[in-house]
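Next come the chains, spelled out residue by residue.
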Amino acid sequence: MQEVTLLLKRLGGGDKTALDEIIPLVYAELRRIAQGYLRRESPGNTLQPTALIHEAYLRMVRQSHPNYVSRAHFYGISARIMRQILVDNARQRHAKKRASEQTVELSETLEIAGQRPQEVMVLDEALNRLSAIDERKSNLVEMRFFGGMTAEEIAECACIPAHTVRRELRIAQAWLRKELSA
Amino acid sequence: MNPELESLFEQAAGLAATEREQFLAEHCSDPDLRREVELLLAHDRGAETFLQRAVSEEASSTLQILVFAPGQRLGPYRVLSVIGRGGMGLVYLAERADGKFEQRVAIKVLQSDVDLPLLSNRAQQECRILASLQHPNIAHVLDAGVSHDGLPYFVMEYVDGLPLDRYSERHHLSLRDRLRLLLPLCDALHLAHQKLIVHRDLKPDNILVTEQGVPKLLDFGIAKVLGEVPVSPQNTATRILTPEYASPEQARGEPVTTATDIYSLGGVLYRLLTGSAPHQTKDKSPMEMVRAISEEEVRRPSELRRELAGDIDSILLKALHTDPQQRYRSVDQFAADLESWLEGKPVLAVPPSLGYRARKFGRRHRVVLATVSAVALALVVAAVVSIREGIRANRETAVAEAVNDFLQNDLLAQAGSSSQSGPDTKPDPDLKVRTALDRAAQQIEGKFAKQPEVEASIRDTIGWTYLDLGLYPEARKQLARALELRRRALGEDNPKTLETISRLGRVAYLQGKDVEAEVLEKQALEGQRRVQGPENPGTLNSTSSLASVYQSEGKYAQAEALHAQILEIERRVFGPEHPSTVITMGNLANDYQYEAKYAQAEVLEKQALEIMKRIFGPEGPRTLHVMEQLTWAYESEGKYAEAETLQIRILEIERRVLGPEHPDSLHSMAALAAIEGDQGKYAQAEVLETQTLQIQRRVLGPEHPDTLVTMGSLAAFYGEQGKYDQADSLQNQTLEIQRRVLSPENPATAETVYNIGCLAARRGHKDRAITLLTQSVDHGLSPYVALGMDNDADLASLHGDPRFVALVAHAKQVAEAKQKAAATQAPIRH
């Protein structure tokens, strides 16, 4: 899979268009894993979607690029992909919900969880605004929530002390919540 | 972000909420900045959780949407939506993407932990066979393939309907309608079986009922195709696709046959009628599940819903038999029984007579006793001599004990009528053992004045030997002396003293003195449980004896509870093939039979018999006992010829090995008479029974329970030949004795009253009959008799009488309450 290697390089070099190309590849992997997860899922054993998407990404990268070592790069991209996937889906879902009265009937056992697609869309916009004032805080939030990373992991990736990460995250979270409730 | 804002926020956030205002007043003079800080502080609490939840909720939705992937293509089909999720994978609603046909289909995509290769050739071949299976009640398999990401899928006719159980609930279907719903399914299954296609995964979710009420079987044979996919050995549990409905052979991973579908269909019906699946698999590990499915009996449906008692119980238990051989031979046969039931005809699962008549020519089904000794002439003499020599030479008790041990274990035990007939040894036909024992008993007198313990042991052994020979008064005498000596020498709580108490209890039981026996056994058991614990072999022996007494007293629930408890301990402590374990199996089966749980009884008997023939030999007394129980089972099933052949064989062996007057031989004579009666050979039966009665009166005494049973049977044979006066007089004689010697509410007494009632009915004395029958129902009549009342030919003259209808209903109620009590009592605590 030369393709993935190339895409990762372009992403690393700051080429944002590479993201659009890499996401479909993650999807394919994701679908396979997701099906497996759903099958194994049992009551009381909650699904961890964040972990799942990471797994998908990880698998894809490992398959194509076994010697891929830059952890910071990896996690950063992983969080970015996650955010992109979720926002895309939320948008699609939102659009569909508004567009069609004849929503697809789902069996009682399979109701779609999370009936508020706007929330993530609004969060995405708020993050963009935060990025405009303070890009680093926006990245930290992305890693924390979309990447599912701990403060320590973020500290390691971003090469800043963990307590700084915590401090910056705290105010960023408050700021985002304020923006979202406005 | 403004560094000043950040700094103020950080410091204020570190303070308690009450101190923040003062802090800001002191450190922030800019009102805009201050408002901004205050706003952020207000949104600080819970911000993290808020964001986390927003993201993860979206992630969940995304994930599910990814999995449905509407618009995704599978071969020539386009996925429309997800319609279900099963153990094997997701089911999608789809349509032809190429517009060739306008047809909606259901696509089942299978998933597996391992990366799947392309469907194997064999699997593809299987799919072609499935595609050829066409029936209005089978969802047709149209196609199969592999998705681009390697997942195999099946395309099936789309059925718009509800799962069978939910359909029945939503439409509040009656019991009969639920049964009717199963008939077309049987027909479909029969067609498949003719083509040698087995469904393998029948369950309510795989049967959909359309709006028009047409049931359709889904997923036919797919389990097999899935079986072609390699499954890793660690994943053996995945072999059980739907454990609640899996057959025992499936659970064990054995080859699957059409009998498997019959089992699972029985399971579906069970669920439909009782509301629960035949096996509860919740919270069980795969190993526990396999064990439960392959070993545990299914709970009687009537225990869950009373109105199922009788034929439905029998039909379901036959379909759900753990042994595939014992199930319906074909799904057609199963359907025929359902139809018969719906039409009110007799069903196959319950043979026509059900031994109702057989019961009247009744017999007493003795509990098999775990007796251990008996002695041959030479050995007794040698033993007694050697004890004397031994005691003389060595004064120490320890040595005397050793000598006695030798006597008990090495000499006497070898000669016992029970242990004599191991697989390799021939029973000693010399029955003059008694003479030897009598002599030995006399010799003991005065010889061991200074060795009371030794004397007690010898007397105990000799007493036990008498007991084994059926010489109860002699046994009692020796055991009573032994008890006296042990009490004095060892004290009341000594294990040996307690053992002798229990043995005396057993003699009392064998002499038909149930009340005394119960007192003694309870006394022994109480001490043994306290001193030796519940799992000690001595304690188990007494528990077993008490259970026998309960059975004799008609306290079947208590007997069953104790036997089940013993069996559990013995299987665990001694192992499943230990003699004691196997004997207990036979005894528990006996309880089941009394409680009319025939299916359970027969399984257990056959299991026990198979082991017994091996460990006790084909002519061992215990083997014979269980063989006799089996004849009873045959009788209950109306297989009289088989019962007769078996019973004649037993009698022949017993007469040869034990002698013609041994209680067991007498017992077999009575049993044979009963079977002759079953077949209408009343005159012949009368002769045999008269003969039996004569010997029993002499050997056992005129008031012994066995003698009384024989009197009842003989009366029945008189009745059948129209000799009503003789019958009536004999029954009343029996009743008089029973009222005097048996415990109150004893089922045997109740049955005599019932039988006198039957005679009255036959003679057309309706009022008297109703009075007597009611009396019997209210005073201890066993469920076994009570549940068969409406089918009792003797009571034909009462049919149509509203009093009789009410009485039958009342009897059922009483009987079911008893069975229910038995069910709740079964898991007894120590």
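This one's a predicted model, so the numbers in the text were calculated from it and none came from an experiment. (Residues numbered from 1 in each chain as written. Chains lettered and ligands numbered in written order. Predicted model: local features only at pLDDT ≥ 70, side-chain atom pairs only at ≥ 80, totals over all residues. Heavy atoms only, no water.)

**Concerning the confidence of the model for chain B**
Residue and element names in this part refer to chain B.
And step 1. Put simply, chain B has an average pLDDT of 78, and 77% of its residues get 70 or more.
And step 2. Note on residues 228–240: pLDDT is under 50 here. Beyond four places in sequence and across chains, it has 13 contacts.
And step 3. Overall, residues 351–359 carries pLDDT values under 50, and its contacts beyond four positions in sequence, including any with other chains, amount to 27 contacts.
And step 4. The complex model carries a pTM of 0.40, and its ipTM stands at 0.79. (pLDDT = per-residue confidence, 0-100. Contact = heavy atoms within 4.5 Å.)

**Focus: the nonpolar core**
And step 1. By size, the foremost hydrophobic cluster in this structure holds 49 residues, and its most contacted members are L164, L217, F334 and L338 of chain B.
And step 2. Breaking this core down by element, the ones donating at least two residues are α6 (164–170), α7 (175–194), β8 (207–210), α10 (258–274), α13 (311–319) and α14 (331–342) of chain B.
And step 3. Broken down by element, the residue count for this core peaks at 10 residues, all from α7 of chain B.
And step 4. Residues in contact with L217 of chain B, not counting those within four places in the same chain, are N137, I138, A139, L185, A188, L189, L202, N206 and I207 of chain B.
And step 5. In terms of nonpolar packing, the next biggest core, distinct from the first, is built from 43 residues, F145, F146 and L176 of chain A together with V37 of chain B among them. (Core = buried A, V, L, I, M, F, W, Y, C linked by side-chain atoms within 4.5 Å. Buried < 20%, exposed > 50% of the residue type's maximum accessible area, 1.4 Å probe, protein only. Helix = DSSP H or I, 4+ residues; strand = E, 2+ residues; numbered from the N terminus.)

**A closer look at helix α25 (residues 556–573) of chain B**
Residues and elements named next belong to chain B.
And step 1. Given a rise of 1.5 Å per residue, 18 residues ought to cover 26 Å, and the 25 Å separating the end C-alpha atoms of α25 matches this to within 8%.
And step 2. Buried within α25 are the following residues: Y556, A557, A559, E560, A561, L562, H563, Q565, I566, L567, I569 and E570.
And step 3. Following α25 by one or two positions, G575 adopts a phi angle in the positive range, close to 105°. (Expected span 1.5 Å × (residues − 1).)

**Digging into unusual backbone geometry**
And step 1. Unusually for a residue other than glycine, C159 of chain A sits at a positive phi of about 55°.
And step 2. Secondary-structure assignment places C159 of chain A in the loop between α7 (151–158) and α8 (162–181).
And step 3. Within the chain, H172 of chain B stands out as a residue other than glycine whose phi angle is a positive 45°.
And step 4. As for its position among the elements, H172 of chain B is in the loop between α6 and α7.
And step 5. Residue classification places H172 of chain B among the exposed residues on the basis of a relative accessible area of 69%.

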